[in-house]
Every structure is written in structure tokens, then in C-alpha cells.
Amino acid sequence: MATPPTPRPTDSGDPQPVLEAQGIRKQFPGVLALDGVALRLFPGEVHALMGENGAGKSTLIKVLTGVHPADGGTILVDGRPHVFADPLQAQQAGVSTVYQEVNLCPNISVAENVLIGREPRRFGLIHWSAMRQRAAELLTELDLGLDVTSLLGSHSLAVQQLVAIVRAVDVSAKVLVLDEPTSSLDREEVAQLFTLVRRLRDRGVAILFVTHFLDQVFDLCDRVTILRNGRLEGEYPIGELTPVTLVQRMIGGELATLDQLSVRAHEEAAQRATSEPFLQARRLTRTGSVEPYDLDIHAGEVIGLAGLLGSGRTEVARLLFGADSADAGEVSIEGRKVLLRTPRHAIARGIAFCSENRKSEGLVGELTVRENIVLALQAARGWTRPLSRTKQDELARHWIQALDIRPGDPEAQVRHLSGGNQQKVLLARWLLTAPRLLILDEPTRGIDIGAKAEIQKLVARLAGEGTAVLFISAELEEVLRLSHRIAVLRDHRMVATLTNDDTVTPERLLTTIATGADS
Amino acid sequence: MTTQPAKSEAVGGIGRRLAGHRLLWPALILLALLLGNLAFHHDFFSVRVRDGHLYGSLIDILQFGAPLTLVALGMTLVIATRGIDLSVGSTVAIAGALACGHISTAAHPGSVATMLTAVALALGVALVLGLANGFLVSGLGVQPIVATLILMVAGRGVAQLITGGQIVTVTSAPYKMIGGGYWLTFPFAVLLATALVAFTGFVTRRSALGMLIESVGGNPSASRLVGIRAGGLLALVYVFSALCAAVAGLMISSNVSSADGNNAGLWIELDAILAVVVGGTALTGGRFSLGGTVLGALIIQTLSTTVYSLGVPPETTLVFKAFVVIVVCLVQSPVFRAKVLRRRRTTTPRSHTTAGTAPQQQEVRA
Ligand SMILES: Nc1ncnc2c1ncn2[C@@H]1O[C@H](COP(=O)(O)OP(=O)(O)O)[C@@H](O)[C@H]1O
Ligand SMILES: [Mg+2]
């Protein structure tokens, strides 16, 4: 299908949407993901697409850009009906997309990733030096000082995300679609991205932006389209919304009890400090990953790990779980020295770990929700002592209900679930082993407000029941709200451990993170 | 993935999960091949009883397909862990050579005891070979294709050393039973293969072995973090694969009462891999289907039989096989099916005005 010539929007009269969708319907087996959804994108605007997890944001984007065919509705590009057969056609027509699941190739260079599919050629062969130069130019535009010849996989997830964005921007885009681009970026990287987005907007590009961070919406966006349960809730200029009304419209009706949650028992924490910790780490270290640190974790205590992305938060957790083995230092559990060389050692001592990379390190996408839920328990029993099918069904049903996992079908393949529900499956897997210490690495990243509140409440409840929790999050507020104590990391070093009393404010935490000194 | 409710209900007895989409296509393909044969030989489906034994083309396919089915059975579990075992052909040859070598030099070649020690010898050596593969893969982290290539090449030589480069013939009624005998009118090899498949299915699905193998193959890093001991599982599947290959080797040599270190099981690893893939287990690991593998092995065996019975010139046999395998793989590919569907629909008038016509664009993108 050829792209029709694209008339520039006229200066006079009504501005014409560069991309418009009406009455879009999309049916997945068992799920009506989109039902009569409309969207308008005007040149030179930043448009937020909001909705809870599973509301259909990613699906809408995929339908618009030709990943999925629609089951009904009209898509207009510059006022003309248009159907993209695949994302490449969409890109050629000026609609560039960074999908939620970054799909780059970690084992080839940054330059190749940026220009893959449209490498500069000479005599029919790839012109390598031109390619490197072009990629370097594009990265510099985004203030990304990367070696373009390095392997993509050698960089952090955040950097990979930025590379995906650079890749999308490098086509003369009229429309740029970003599906949760900031979920793995830290403050500074988000700022870099926003600068770029604003620059593109001023050039007349229409930008469709999906995020779960409300402040980013109010910071950056001009208009908002809200989806709820696959339906269009409405389209609003940002000025007509406040954070509270926006959240209300996203979840409809009952506003989550986000703010009712508070951690009362600071006195308890003081008491705890004198009792014997469940786990005690002394001078624990791994070269190149984290410098020696001390940490005590008591039963019923939530320890927050704060710090910038890449400051070593995950690395601290991985040593405690045996996911990486320590070079030096020691760990005692209930006063007895233990060696945590593999995850099995840690699991046998009641430690559980939900990785920040749900897909690559958490779930087995091909297996069902039921199988993923019972996996840790089954692994601990070994293959010769199977859980009976009846028992598995019972466990799956129980946890699907307890954590409100949707869709509630235990036989659904877990890869078809939305991020928040996948996270709940991962939680269920570990909760049913009744861990003594639960390590949660970014459990609320990339999931909607409703699910986030549920997970936060769950953490508080678990601690109340005596489970020790190590809680890692990039969101300071969340860490502050949930933790009894907060360990701050900076450049792979644990620089402070603060008892979370009234004197600990976001500002004080930020200062510690930024300067490495507790003011 | 499109399933056809009407047809999957027809196969419904096997269980909804299996019948839905996993076994449907391989079963239809096998059926098509068999019907194709029927068109050329009207007695293709006829099964007679002669001397208390079953005879007929279908029985031949089952009997000659038994060794391939066994090799493919072991291969399925290896592939489910994201591995591959290229050494099975050599193991087939070594097992046959050891057994026949033992029998031919034994004091009482025709005794049951000699047969049993020959079998034990072959299985024992296969166990060691499997452990070696398993150690290379899980202990040393060598890529499976490289690790098993070593034995594929060296094993052939070992088999020839055992047979002294000759074809070793044996006369042993008990040994002949394994691959060429009959029991309750059925070929013993078919019964043995059926029993082993059923046993494997029972063990993998009733214990947690199947799920843990699928987990390790589907996502190795997640499996490590969930505490699965992948090392033991990997060693186990390579040992199992070698044992299956050894039994297949016994069958093959028993059927012809001789061991040929050069040609026994030559290229059987490729047929086995094909059978697994045709049966719906992906080379990328994860979900596996033993039923699919059996169908796959029967498809491959039917093809070989067809080639002979059609009188296709032997030199074009491989080309013919390759062609059918390509067709089989295409028919099973959802992307290809969607494209063919789209081609057909484009003949009906279409409009560009609504996205509702989009079934034309049923490309499946990962
Ligand atoms: N490929 C798919 N197959 C089946 N269901 C899907 C698929 N992709 C998404 N869904 C379902 O569609 C709904 C919308 O999902 P999604 O668009 O990813 O939500 P969001 O991006 O707003 O979080 C969810 O219920 C999800 O489970
Ligand atoms: Mg999404």
C-alpha cells in the first residue's frame, strides 16, 4: 500500500489532526481490549495517553501502527483513511514508535541498533564508518555520550531505552509514539528525554506519550486522552485536570487509598534495633558491582533501598539472594553464619527475590499463570516430589483471587498478561512459599496506580505479619511511605542508613543521594 | 493462533489442551500422507494376520518408525531445554556394535543371558556417553551443538573400532526379538517404543519434570532465580537421549541381525530433529509435546516408505523428503497460514476506508 502524499496542515482554518482514530475495536481471545476508542493527535502537541494497566494503551498504539490489525474503526492520516500493514509502513509514513517492550538486539553494537534496517550503504554494502558517524551524531543530539561501537547489551536498561528512542527519532517523523519510555530512566535521563521531546514538538511533531508518572504528564503534555477498561473515558486539555481528577478518571469511582497508607510504628523500629536481626550482612562485597556494606534486616521490618538508577541497589539485593556470589564479607541468618552462593541456598533459608526484570528474570512467558505461580515451590521440592494438579489448581485459584490477578484464568499464558498482573503473578509465586525475607526490586515499576497501591498495601501487611522486606524503588515517595529504615546507595556504595522518622524528608533523602552525605 | 473448534472437538478425547492446536496440524499432515499413499496403493490400509503376525504397510511404518520415534523421544526433552543432541546417530551405532560384538564372541550366542548382558552393556555405555554430553553442557557450559558434535564425530569412529571395520553378524533368537520379533501378534519393537513413550509421558507429566524442563528451556535466567537446579536436569535429558538412542540402536541391529559401525543410525539425528520440530516443539526450547514428536516421527517414516513405494528414484529421495518437510513446516507456521488466508481474501472486493478490513494484514509480529 503506497503512502498518500502528505499535505502540510494549512495555517488558516481548523488545524487538522495529523493522526486520527475513530471507533477502534480490538478483540483478543477472551478479551475485548479496545471498544470504540477514539484519539486525535495534532501537529506540535504532546499528548498523554493515560489509563490503568490493562486499559488498552499499548494495544491502541499497536493497532495504530500496524502491529495488530483492528477489528473495527477508522484510522485517518492527514485526514485520509489509511491502514498500516506493519510498523515499517507506519514508520515510512512518518509514524515512529518506541514500543513498551524494548526490542533491540543486545549482542550487536549501539550504532547498528540505531540504524538497523536503514544502514548507510555504499556499493550495496554497509558503509560502516558512515554508519558509526551517523549514529554518533544522533546520540550527541540527545546528549548521550556513548561509544557507538560498544555492544548494546553492555549498557544498562535505561541506556538501552534511550537508544531505542534515538532509533525511533531518527526518521523524519511526523508522529512519535512513546509507550512508557521513562519507566526505567532516572531523573536526569528523563530530563534529557523531555528536552528532546520538547524540541521535536517545537518542530511540529505530534508526540503521543504513555507514562505512569503523573508529574511527567503535567510537566510535559498539552492534552490527555484517558482510557478505562478498553473504552474511551475522554479527551481533556491538561489545564482542565488536576492530578486527583486525572487519577479519578483513570480508575473511575473509588479513589485508591494511596494516602491512607502510613507507617505508624516508628517506636517499634527502635525496639527492633535491640533485638536480633533476621539477616545480618557484614562487609559484604563483590568487585565491580558493590563496595563492602553492612545491613541488618529484622523480622517485620521494611528496609527501603534508595539511590539513582545504577547506583548498586539491585546489586546489593542480588548478593543477599545468592543471585551473584560475594567476593568477601559474611552473612548471618538468625545469628548463624551462612554461605549464599546460589539462589537455592538463599531460598532454602527463607529468602525470596522478585527481580526488576519481570520478563527476562522473573516469569517464564510460555508457561501458564498456574505453572508460574507454583514454580518456586515446585523447584524447592525437586521434580520427584510433584505438587498434585489439584493442589496446583487450588494454589493458583487462591492467589489469583487474593491478589486480584486479571484475567483470572489460571491456564492463560503469562506473557499475555499486562505488566501489573505479571508482577502480581511473580509476587504470588514467592508469597506462597511464605518467605521470611522478601526482596522486591522495583515491584511497582511500569504498573498502574491501582495495582501499585495494592502492592504497597501488601508490603505493609506482610511486614505487619512479621515478614522482613527489602524494598527497592526509584520512587522516593514510595520508599519513604513504606520503609522503617532506608539505606541509601550512591555509586555502588552504601552511604547511609536512615531510620525513617519525621526528620527524614524527600529533600533530606535527595541530598543524601546526590551528595553521599547525610545533612 | 487459529484453532478450528469443530476439528479440535473431534480429537477432543486426547484432552483439550493437547488437541487444541498442538497436535492438530501434525495429525492432519500424517493423515494426508497416508491417504496420498492409499491413492497409489489400494491395499495400503489393509492389515492381514499371517502366521499369527500382523502384516501390512501401516505395520511396516510403525515397525520401521520405532527406532526413529525413540531417538526423537529423547531429542524432544533435549530440545525442550534449548539444547540439541547430534551424537544420537553415533550412539545408535555404538550400541549395536557393542551388543553384536558381545553376542558374536559369547560362548552361548543364542542364550537369553547373553542377550541380556549385551543389552546391559549397550545401555551402560550409553549412560556414560550421555553423562559425558551432560557434563560438557551443564558442567562446562559448552554449547550443546558443539558438545554433542564431538561425540557425533568420535563416536562413529569408536563404533568402527568395536566392529573392526566389519559388519558383525549374529544369530541369536532372543536378540532378534528386540527389533524383529513379535509378541501377541504385534511387532515387539512397536510395543517397546509405545511403552517407552507412554512411560516418558507419564513421568514427565505426572512428576514435575516436564514443567521444570519447560521452565529451564523457556527462560534459563528466571529458572535459576526461582531455584531450579538446571545442571541436574540437563545431565538427565542428555543421559535419557543417549539411552533412547541405544535402545534404537539395539532395535536396528537386531532387526537385521548385524551391526554396521559405518551406516547404522547414519543421519538419524537429523530425522529425529525434524520429527521433533514437525511435532510442534520449538528449537528455541520451552514447551514440548511428546505426542507431537510421535506424530512427527511417523510422518518422517511414512515419507520414507512413500518414497520407496512410489518408486521415486533413490537419488532424488532426499530432495523429495526435504520438499515435503518444507511444506509441513510452512503449513504449521501461523505467519504463513495468515498470509495464505490473506491472499485468498484479497480476491474479494475490499475497501481502504475502515480498519475493519484489516484481516488482510494478519501478519504476526513478535
Ligand atoms: N497479544 C495479546 N493477546 C491477548 N491479550 C492481549 C494481548 N495484548 C494485550 N492483551 C490484553 O489486552 C488488554 C490491554 O492490554 P495493554 O494494551 O497491554 O494494556 P496497557 O498497555 O494499557 O497496560 C489486557 O487485558 C491484556 O491482557
Ligand atoms: Mg502497556
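Note that this is a predicted model, so its numbers are computed, not measured.

What counts as what
Residues numbered from 1 in each chain as written. Chains lettered and ligands numbered in written order. Predicted model: local features only at pLDDT ≥ 70, side-chain atom pairs only at ≥ 80, totals over all residues. Heavy atoms only, no water. Near = heavy atom within 4 Å. Polar contact = N/O pair within 3.5 Å; in protein donor to acceptor, adjacent residues only side chain to side chain. Areas by Shrake-Rupley, 256 points an atom, 1.4 Å probe, with all protein chains shown as cover. Helix = DSSP H or I, 4+ residues; strand = E, 2+ residues; numbered from the N terminus. Buried < 20%, exposed > 50% of the residue type's maximum accessible area, 1.4 Å probe, protein only. Pairing = 2+ DSSP bridges. Right-handed = clockwise from strand over helix to strand, strands pointing away. Domains from an automatic or database assignment. Contact = heavy atoms within 4.5 Å. Buried area = accessible area lost by both parts, 1.4 Å probe. Salt bridge = Lys/Arg side-chain N within 4 Å of Asp/Glu carboxyl O. Nonpolar A, V, L, I, M, F, W, Y, C, P; charged D, E, K, R; others polar. Phe/Tyr/Trp six-rings, centres within 6.5 Å; stacked < 30°, edge-to-face > 60°. Lys NZ or Arg CZ within 6 Å of the ring centre and 35° of its normal. Core = buried A, V, L, I, M, F, W, Y, C linked by side-chain atoms within 4.5 Å. Axes fitted to C-alpha atoms, helices over the stretch in contact; angles between N-to-C directions. Parallel < 35°, antiparallel > 145°, perpendicular 65-115°, else oblique. Expected span 1.5 Å × (residues − 1). Arc of directions from axis to C-beta.

**Considerations on the site of ligand 1**
All names here are of chain A.
- With respect to spatial proximity, the complete set of residues near ligand 1 consists of F28, V31, A33, E52, N53, G54, A55, G56, K57, S58, T59 and H416.
- K57 places a main-chain nitrogen or oxygen 2.8 Å from an oxygen atom of ligand 1.
- Between ligand 1 and the protein, one listed contact pairs an oxygen atom with a side-chain N or O atom of S58 at 2.7 Å.
- Relative to its unbound accessible area of 570 Å², ligand 1 is 82% covered by the protein chains.
- When residues of the shell around ligand 1 are traced back to their parent elements, those giving at least two are β2 (31-41) and α1 (57-64).

**Description of the pairing of strand β20 (residues 468-472) of chain A**
All names here are of chain A.
- Where burial is concerned, most of β20 is hidden: 5 out of the 5 residues are buried.
- Here β20 shows two buried faces, one formed by A468, L470 and I472 and the other by V469 and F471.
- Looking at chain direction, strand β15 (residues 302-306) and β20 are connected through 4 bridges and run parallel. Looking across to β20, one finds that L305 is bridged to I472.
- After leaving strand β19 (residues 437-441), the chain enters helix α16 (residues 449-464) and then returns to the sheet as β20, a path that is right-handed.

**A few points about the domain arrangement of chain A**
Residues and elements named next belong to chain A.
- As far as domains go, chain A holds domain 1 (1-94 + 173-253), domain 2 (103-171), domain 3 (254-350 + 435-519) and domain 4 (360-434).
- Spacing between the C-alpha centres of domain 1 and domain 2 amounts to 25 Å.
- Contacts between the two partners involve 15 residues from domain 1 and, on the opposite side, 14 residues from domain 2.
- Regarding the contact of domain 1 and domain 2, the summed buried area is about 1,300 Å², with carbon and sulfur atoms giving 61% of it.
- Across the contact surface, domain 1 and domain 2 share 0 salt bridges.
- Seen at the junction of domain 1 and domain 2, the total is 0 residue pairs in polar contact (both at pLDDT 80 or more).
- When residues of the side of domain 1 that touches domain 2 are assigned to their parent elements, the largest contribution, 6 residues, is made by helix α6 (residues 187-202).
- For the side of domain 1 that touches domain 2, the class distribution of residues is 8 nonpolar, 3 polar and 4 charged.

**Considerations on the packing of aromatic side chains**
- Using the criterion set out here, one finds 5 aromatic pairs over all chains in the structure.
- On the numbers, 6.3 Å between centres and 40° between planes, the contact of Y55 of chain B with Y182 of chain B is tilted. Pair noted here: Y55 of chain B is in strand β2 (residues 53-55) and Y182 of chain B is in strand β4 (residues 182-183), with a separation of 127 residues, a long-range link.
- Connected via pairs of aromatic rings, a cluster forms that spans F321, F353 and W430 of chain A.
- One residue, R50 of chain B, lies across the ring of Y55 of chain B, its end atom 4.5 Å from the ring centre.
- The ring of F288 of chain B has R205 of chain B lying over it, and the distance from NZ or CZ to the ring centre is 4.4 Å.

**Considering the nonpolar core**
All names here are of chain A.
- One finds L279, Y293, L295, L320, F321 and L470 to be the most contacted residues of the largest nonpolar core, which totals 152 residues.
- When near neighbours in sequence (up to four residues on either side) are disregarded, L279 contacts L295, D296, I297, L320, V331, S332, I333, I351 and L437.
- Formed by 51 residues, the second largest nonpolar core is a distinct cluster that contains L115, V169, V217 and L220.

**Description of the sheet that holds strand β6 (residues 95-98) of chain A**
Residues and elements named next belong to chain A.
- Spatially, 6 strands are ordered β6-β9-β10-β3-β11-β12 in an open sheet, and the strand pairing comes out mixed. The outermost strands of the open sheet, each flanked by one partner alone, are β6 and β12 (231-237). Adjacent strand axes in the sheet meet at a mean angle of 15° when their direction is disregarded.
- Strand direction decides the pairing type here: strand β11 (residues 223-228) and β12, joined by 6 bridges, are antiparallel. Within β12, the position partnered with V224 by the bridge is Y236.
- Each of β3 (46-50), β6, β9 (175-179), β10 (206-210) and β11 touches α1; the most contacted strand, β3, lies at about 125° to it.
- The sheet contacts of α6 involve β3, β9 and β10, and relative to β10 the element is tilted by about 150°.

**What to know about the side chain of D86 of chain A**
- One can find D86 of chain A in the loop between β5 (80-81) and α2 (87-92).
- A polar contact is formed between the side chain of D86 of chain A and the backbone nitrogen of Q89 of chain A, at a distance of 2.9 Å.

**What to know about the pairing of strand β1 (residues 19-28) of chain A**
All names here are of chain A.
- Judged from the 8 bridges that link them, β1 and β2 form a sheet pairing that is antiparallel. Residue I24 lies in a different strand from β2, and its bridge partner there is V37.
- Linkage of β1 to β2, two consecutive antiparallel strands, is achieved through a turn of 2 residues, within which G30 is found at a positive phi near 85°.
- Two strands pair when backbone bridges link them, and β1 and strand β4 (residues 72-77) are joined in this way by 5 bridges, in the antiparallel orientation. From the neighbouring strand, A21 faces β4, where its bridge partner is I75.

**Side note on the packing of helix α9 (residues 188-206) of chain B against helix α10 (residues 209-218) of chain B**
All names here are of chain B.
- At a closest axis distance of 4 Å, the pairing of α9 and α10 adopts a crossing angle of 75°. Relative to α10, α9 is oriented roughly perpendicular. Every residue of α10 that contacts α9 at V203, T204 and R205 is listed here: L209, G210, M211 and E214.
- Residues belonging to the contact of α9 with α10 are distributed by class as follows: 3 nonpolar, 2 polar and 2 charged.

**Some remarks on the interface of chain B and chain A**
- Facing the 35 residues of chain B at the interface are 45 residues of chain A.
- The largest contributions to the chain B side of the interface with chain A come from M211, L225 and R287 of chain B, which together make up 22% of the buried area.
- Here E371 of chain A ties to R287 of chain B by a salt bridge, and the two come within 2.6 Å at their closest N and O atoms.
- Counting the contacts that link chain B with chain A gives 9 residue pairs in polar contact (both at pLDDT 80 or more).
- Counting only elements with at least two residues in the side of chain B that touches chain A, the list comes to α9, α10, α11 (220-225) and α12 (230-256) of chain B.
- At 6 residues, the largest contribution of residues to the side of chain B that touches chain A is made by α10 of chain B.

**Regarding α6 of chain A**
All names here are of chain A.
- Between its first and last C-alpha atoms α6 spans 23 Å; for 16 residues at 1.5 Å apiece the expected length is 22 Å, and the two agree.
- By the burial criterion, the buried members of α6 are E189, V190, L193, F194, L196, V197 and L200. Each buried residue of α6 lies within a common arc of 165° when the element is viewed along its axis, so the set occupies one face. Seen from the buried face of α6, the exposed residues on the opposite side, beyond 90 degrees, are R187, E188 and D202.
- Buried residues in α6 make contact with β3, α5 (157-169), β9, β10 and α7 (214-220).
- Trailing α6 by a residue or two, G204 shows a phi angle of about 100°, which is positive.

**A few points about the pattern of salt bridges**
Residue and element names in this part refer to chain A.
- Going through the model one piece at a time under the given rule, you end up with 27 salt bridges over all chains.
- One salt bridge in this structure joins K174 and D78, with 3.0 Å as the shortest N-O distance. You can see K174 sitting in the loop between α5 and β9 and its partner D78 sitting in the loop between β4 and β5, a full 96 residues away along the chain. Taken individually, K174 and D78 each receive the classification buried, so the pair is uniform in this respect.
- For D393, the salt bridge goes to R389, with nearest N and O atoms at 3.2 Å. Of the two residues, D393 and R389 both sit in helix α14 (residues 389-402), 4 residues apart, roughly one turn of that helix.
- Exposure remark for R389: the relative accessible area of 43% places this residue in the partly exposed category.

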